[in-house]
Structures are given as structure tokens and as C-alpha cells.
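# Notes for the structure review
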Amino acid sequence: MGIEEKIPSGILLTSVEKLANWARKSSTWPATFGLACCAIEMMATGAPHYDLGRFGMEVFRASPRQADLMIVAGRVSQKMAPVLRQIYDQMSEPKWVLSMGVCASSGGMFNNYAIVQGVDHIVPVDMYLPGCPPRPEMLIDSILRLHEKIMHEPISDRRRAQQAEAKASGREPAVAPGAMPSSWRFDKARRAEWARAVAEGREEQLRIQHWMDRREAEQRAREQESVGGGRR
């Protein structure tokens, strides 16, 4: 018998840290900031078909002082780098950075003197998203992973020291942020498949395999629709 059974219904028990992090991750407002072709996919993610409003972040703020998430969508040139850093410095604390696409993460195919070889040379990056360009589904998955990271962040120096001590002694949280794809958590079969892949050290191969299977299924469905339409 726990304390939850003693209190009346309609009351939740939590900590200040979890409540603050829940509020932060549920109202993450991105800055209106696009650099190249990845920004088109970012705009599509905010459109009604994918609807970022489900996560409380449909408002792309025009002012960096009202934003706490920078999505670096595209390549960063040497001339844009100081502007990007200025926008980052003007954003409110706490703030996070998501590097969207291979060009922002590592320079991509632009291996030359004009392009910064990774935006982490300019600002600290919390989440990397591969792809050229990554689809809106991939951006949503990386945002959900960032939400998990925010939920596990300490809000004080004391909690930060406790987490560092727990990590050093091997007593990390049972649920590591970003360990499992967000769409697999409520599927028992997929959770078991993920556990087997983790035990064998092939979780990334499993992730790619499922992505390819889904693409092939979508392509077959489109082909069947086109054949059916031609017959009619």
C-alpha cells in the first residue's frame, strides 16, 4: 500500500524537476531559421499534414528571444556562421540545438573552404539528424528524442552532480533517453524485437531495415493504386 492510495483522486505526485522539464519539453518553440533545402522539409513538418502543434511547438518564433530551440536546417557558410552564433546567443535559456541534415552536421558534400564542416564548431549541438534531406518523419523522431533528453535534464547543480556520480558508478536511469524509436514503445512485438537487437548489437541495422521495409510497402501500395486506377 503506497501513499497514492491514501490521497484523494485527481492528485498527482511528482518532483519539481520532472514538472519543470515536462513544461519545457511540451512548449519547445523553434526559431524561424532556415538555411538551405532542409528548411523545406522543416516547413513541411510544421504544416497540417504532420502538425507539430501536437507537441506544443507549432509556433516558429520570429524573435530569438522568444525561442528556445534552434533547428539548423541546411549548410552553414563561413559568412552565416557569426549570424547563427548571434541568434543563438540571443535565444532564451534553457535552449537547445538540433542539427538537421548531413550538411549542418558535417558539411556533407560541400567539403570546401566556404562551408563550416559541422555546426558544432559554432554552437553546442544537442541532437544530430542525418539525411539529405531528412524527411519530416525523421525530424519528428529527432524532436521526440530531444524531448526525452529534456525530460532527463537536471535543473540544479546539485542534481547535475548526482547524475554525474550515478553515471560514474554505473547506476544510470533504467530508461536511457533516445534508446528506442518512439513509435515502437506501445508495440509489444517491436519492443521484443528491439531488445533482441540491442542484445546482439545491431539496433541501427534494425532501424534501417524497418525504414527500408516501410518504403518498399509504400511503393507497392502506390503501384497497386496506379494499376487499379488504370483498370477503372
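Residues numbered from 1 in each chain as written. Predicted model: local features only at pLDDT ≥ 70, side-chain atom pairs only at ≥ 80, totals over all residues. Heavy atoms only, no water.

## Details of the packing of aromatic side chains
Test applied: For Phe, Tyr and Trp, where Trp contributes only its six-membered ring, two rings pair if their centres lie within 6.5 Å, and the inter-plane angle classes them as stacked under 30 degrees, edge-to-face over 60, or tilted in between. Should the NZ of a Lys or the CZ of an Arg lie within 6 Å of a ring centre and within 35 degrees of the ring normal, that charge is described as sitting over the ring.
Applying the stated criterion across every chain yields a total of zero aromatic pairs. It is lysine 95 that lies over the ring of tyrosine 88; its NZ or CZ is 4.2 Å from the centre.

## A word on the pattern of salt bridges
Basically, it comes down to this: The salt bridge criterion pairs a side-chain nitrogen of Lys or Arg with a carboxyl oxygen of Asp or Glu, the two atoms within 4 Å. Secondary structure counts use DSSP, requiring at least four H or I residues in a row for a helix and at least two E residues in a row for a strand, with both numbered from the N terminus. Three labels apply to residues, based on accessible area from a 1.4 Å probe with only protein chains included: buried if under 20% of the type maximum, exposed if over 50%, partly exposed otherwise in between.
Using the criterion set out here, one finds five salt bridges in the structure. With a shortest N-O distance of 3.1 Å, aspartate 89 and arginine 85 are connected by a salt bridge. One end of the pair, aspartate 89, and the other, arginine 85, are both in helix α3 (residues 81-90), four residues apart, so they sit about a helical turn from each other. Residue classification places aspartate 89 among the partly exposed residues on the basis of a relative accessible area of 45%. The partly exposed category is assigned to arginine 85, whose relative accessible area is 32%. A salt bridge links arginine 135 to glutamate 137, with the nearest nitrogen and oxygen atoms 3.1 Å apart. Owing to a relative accessible area of 36%, glutamate 137 belongs among the partly exposed residues under this scheme.

## Things to note about the packing of helix α2 (residues 38-46) against helix α5 (residues 136-151)
Selection rule: To obtain each axis, a line is fitted to C-alpha atoms, and for helices this fit is confined to the stretch in contact; angles are then taken between N-to-C directions over 0 to 180 degrees. Working rule for angles: under 35 degrees goes down as roughly parallel, over 145 as roughly antiparallel, 65 to 115 as roughly perpendicular, anything else as oblique. Pairs of residues are marked as contacts when any of their non-hydrogen atoms sit within 4.5 Å. Under this grouping Gly is polar, as are all residues other than the nonpolar Ala, Val, Leu, Ile, Met, Phe, Trp, Tyr, Cys and Pro and the charged Asp, Glu, Lys and Arg.
At a minimum axis distance of 9 Å, the contact between α2 and α5 shows a crossing angle of 75°. When the axes of α2 and α5 are compared, the pair comes out roughly perpendicular. Here Glu41, Met42, Ala44 and Thr45 of α2 lie close against α5, whose contacting residues are Pro136, Leu139 and Ile140. Tallied by class, the residues present in the contact of α2 with α5 amount to five nonpolar, one polar and one charged.

## Digging into the environment of methionine 127
Along the polypeptide, methionine 127 turns up in strand β3 (residues 127-129). Here methionine 127 falls in the buried class, since its relative accessible area comes to 14%. When residues no more than four places from it in sequence are discounted, the contact partners of methionine 127 are Val97, Leu98, Ser99, Ser142, Arg145 and Leu146.

## Thoughts on the side chain of histidine 147
The following threshold applies: N or O atoms closer than or at 3.5 Å make up a polar contact, with two conditions inside protein: a donor-capable atom paired with an acceptor-capable one, and, for residues adjacent in sequence, both atoms drawn from side chains.
Among the secondary structure elements, histidine 147 is positioned in helix α5. A polar side-chain atom of histidine 147 sits 3.2 Å from the main-chain carbonyl oxygen of lysine 25. Not counting residues up to four positions away in its chain, the partners in contact with histidine 147 are Lys25, Thr28, Phe55 and Met57.

## So, the packing of helix α1 (residues 16-25) against α5
Packed helix pairs are specified by the crossing angle of their axes together with the interaxial distance, meaning the distance between the axes. As a reminder of what qualifies: Throughout, a crossing is termed right-handed when the near helix is turned clockwise from the far one, and left-handed when it is turned anticlockwise from it by less than a right angle.
The geometry of α1 relative to α5 is characterised by a closest axis approach of 8 Å and an angle of 155° between their N-to-C directions. One element, α1, and the other, α5, form an angle in the roughly antiparallel class. The element α1 and its partner α5 pack so that their crossing is right-handed. Contacts from Lys18, Asn21, Trp22, Arg24 and Lys25 of α1 reach α5 at His147, Ile150 and Met151.

## Regarding the pairing of strand β2 (residues 96-100)
The condition that has to hold: DSSP calls a pair of strands paired once it identifies at least 2 bridges connecting them. Crossovers are marked right-handed if the path from the first strand over the helix to the second runs clockwise, as seen with the strands pointing away from the viewer.
For β2, a buried count of five out of five residues is recorded, marking the element as mostly surrounded by other parts of the structure. Taking every second residue as pointing to the same face, both faces of β2 are buried, with Trp96, Leu98 and Met100 on one and Val97 and Ser99 on the other. Examined bridge by bridge, strand β1 (residues 69-73) and β2 share five bridges and lie parallel to one another. Looking at the pairing, leucine 69 lines up with tryptophan 96 of β2. Between the parallel pair β1 and β2, the chain is carried across by α3, and the sense of this crossover is right-handed. With three bridges connecting them, β2 and β3 associate as parallel partners. Looking at β3, one finds that leucine 98 is bridged to methionine 127.

## Some points on the confidence of the model for the protein
When pLDDT is low, close inspection of the predicted coordinates is not appropriate. Defined as follows: The pLDDT score gives, residue by residue, the confidence of the prediction method on a 0 to 100 scale.
Averaged over all residues, the pLDDT of the protein equals 79, while 83% of them reach at least 70. Across the protein, the secondary-structure element scoring lowest on mean pLDDT is helix α6 (residues 157-168), at 71, and the one scoring highest is β2, at 90. Residue range residues 174-178 is modelled with pLDDT below 50. Its contacts to residues more than four positions away, or to other chains, number six contacts.

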